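Take a look at the letters that make up each chain.
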Amino acid sequence: MTGLTRLSLNQITTKRWSLPEAVRGCVDAGIPAIGLWRDKVAETGLARSAKLCRDAGLTVSSLCRGGFLTATDPQDRRAALAENLQAVEEAAELGTDTLVMVVGGLPAGSRDLAGARQAVADMIAELAPHAGDFGVRLAIEPLHPMFCADRAVVSTLGQALDLAEPHPTAHVGVVVDSYHLWWDPQLAQQIDRAGRSGRIASYQVCDWTLPLPADALLGRGHVGDGHIDFRTLTDQVTDAGYTGWIEVEIFNQQIWDTPGDQTLRTITERHLAHVAAP
């Protein structure tokens, strides 16, 4: 890994920027890739978003996000399926082969965790062939267990791999996100497992900082500001055979309120100091 050659800006990190502003920011900062969010793409327009990235020479490392697959009501389930089919086609139009999947929490009023996880498995099975037809891989992202009730009933890399492995590698993979997975005592073994089957579709980084804010979703920090050993984690992901993009994805109100160009300077400095090989 050399310098910034594998660095990607996940667009949520500069939430206040429009897609054109984020593209220009990446170019100015020497960041060669960008992970896009569907709401920002919709603001700009799908075709224009794809053209902006192409014309700037940026690779689209991923599209966030698909998922929310746990509905039990048949009408809601059909709507979720249609929404995810659309997301697959948007990813293909944008030129990325990675659609990040946040699978969804428990349905309203439900305590049936096993049932919700089975619903995710069933929906992945329906979506995977369509994704493969468009050259897109569904990248299942396990989230920290504190988000199990409302955002993702998949909490560990092992669970995500259990969902992915029944399907062709080109159709379904997993996301290794430092914030969500750093705590897991089985992480090294599961990264190795993911590498053996070629399932790592994305590597996302940010740090675990304390104290957690009232809205725990916004508790992520810049790489190097918290408790995660990025050198060891990155070595594990690299040793597993992953050679793709390393996306910086930060949800943090203070960082969102910081001028975007300043945020990108911090991102590149921290990437060189903590993630890129010396």
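Let us look at the structure shown here. Remember, predicted model here, so these are calculated numbers, not experimental data. (Residues numbered from 1 in each chain as written. Predicted model: local features only at pLDDT ≥ 70, side-chain atom pairs only at ≥ 80, totals over all residues. Heavy atoms only, no water.)

### Quick word on the overall build of the protein chain
Here is the rule we go by: Each helix corresponds to a stretch of at least 4 residues labelled H or I by DSSP, and each strand to a stretch of at least 2 residues labelled E; elements are numbered beginning at the N terminus. Restricting the calculation to C-alpha atoms gives the radius of gyration, and the globule rule supplies 2.2 Å times the number of residues raised to the power 0.38. For the exposure calls, accessible area comes from a 1.4 Å probe over protein chains only, and a residue counts as buried if that area is under 20% of its type's maximum, exposed if over 50%, partly exposed in between.
Across its full length, the protein chain carries 11 helices and 10 strands. In terms of overall size, the protein chain behaves like a compact globule, its C-alpha atoms giving a radius of gyration of 18 Å where 278 residues would be expected to give roughly 19 Å. Seen along its three principal axes, the alpha-carbon backbone of the protein chain occupies a region of about 45 × 45 × 40 Å. In the protein chain, which comprises 278 residues, the proportion classed as buried is 54%.

### Let's talk about unusual backbone geometry
Glycine aside, a negative phi is what most residues show, and trans is what most peptide bonds show. Across the junction of Cys64 and Arg65, the peptide omega takes the value -10°, indicating a cis bond. Turning to its location among the elements, Arg65 is positioned in strand S3 (residues 59-67).

### Regarding the sheet that holds strand S7 (residues 200-205)
Neighbouring strands of a sheet are bound in pairs by backbone hydrogen bonds; such pairs are parallel or else antiparallel. As a reminder, the rule being used: For two strands to count as paired, DSSP must find a minimum of two bridges between them. Between N-to-C directions, angles span 0 to 180 degrees; the directions come from axes that are lines fitted to C-alpha atoms, helices contributing only their stretch in contact. Throughout, a residue-residue contact means that at least one pair of heavy atoms, one from each residue, lies within 4.5 Å.
The strand order around the closed barrel formed by eight strands is S1-S2-S3-S4-S5-S6-S7-S10, and the pairing between neighbours is parallel. On average, adjacent strands in this sheet sit at an angle of 30° to one another, irrespective of strand direction. Relative to S3, helix H4 (residues 74-94) is tilted by about 175°, and along the sheet it contacts strand S2 (33-37), S3, strand S4 (98-102) and strand S5 (137-140). Sheet strands touched by helix H5 (residues 113-133): S4, S5 and strand S6 (172-177). Its angle to S5, the strand with the most contacts, is close to 140°.

### A short note on the nonpolar core
Threshold: Buried Ala, Val, Leu, Ile, Met, Phe, Trp, Tyr and Cys residues form a nonpolar core when they are joined through side-chain atoms within 4.5 Å.
Leu36, Leu138, Ile191 and Tyr203 are the most contacted members of the largest nonpolar core, which totals 85 residues. The biggest single contributor to this core is H5, with seven residues. Beyond its immediate chain neighbours, meaning those up to four positions away, Tyr203 contacts Val176, Phe230, Leu233, Thr234, Val237, Tyr242, Trp245, Ile246 and Glu247.

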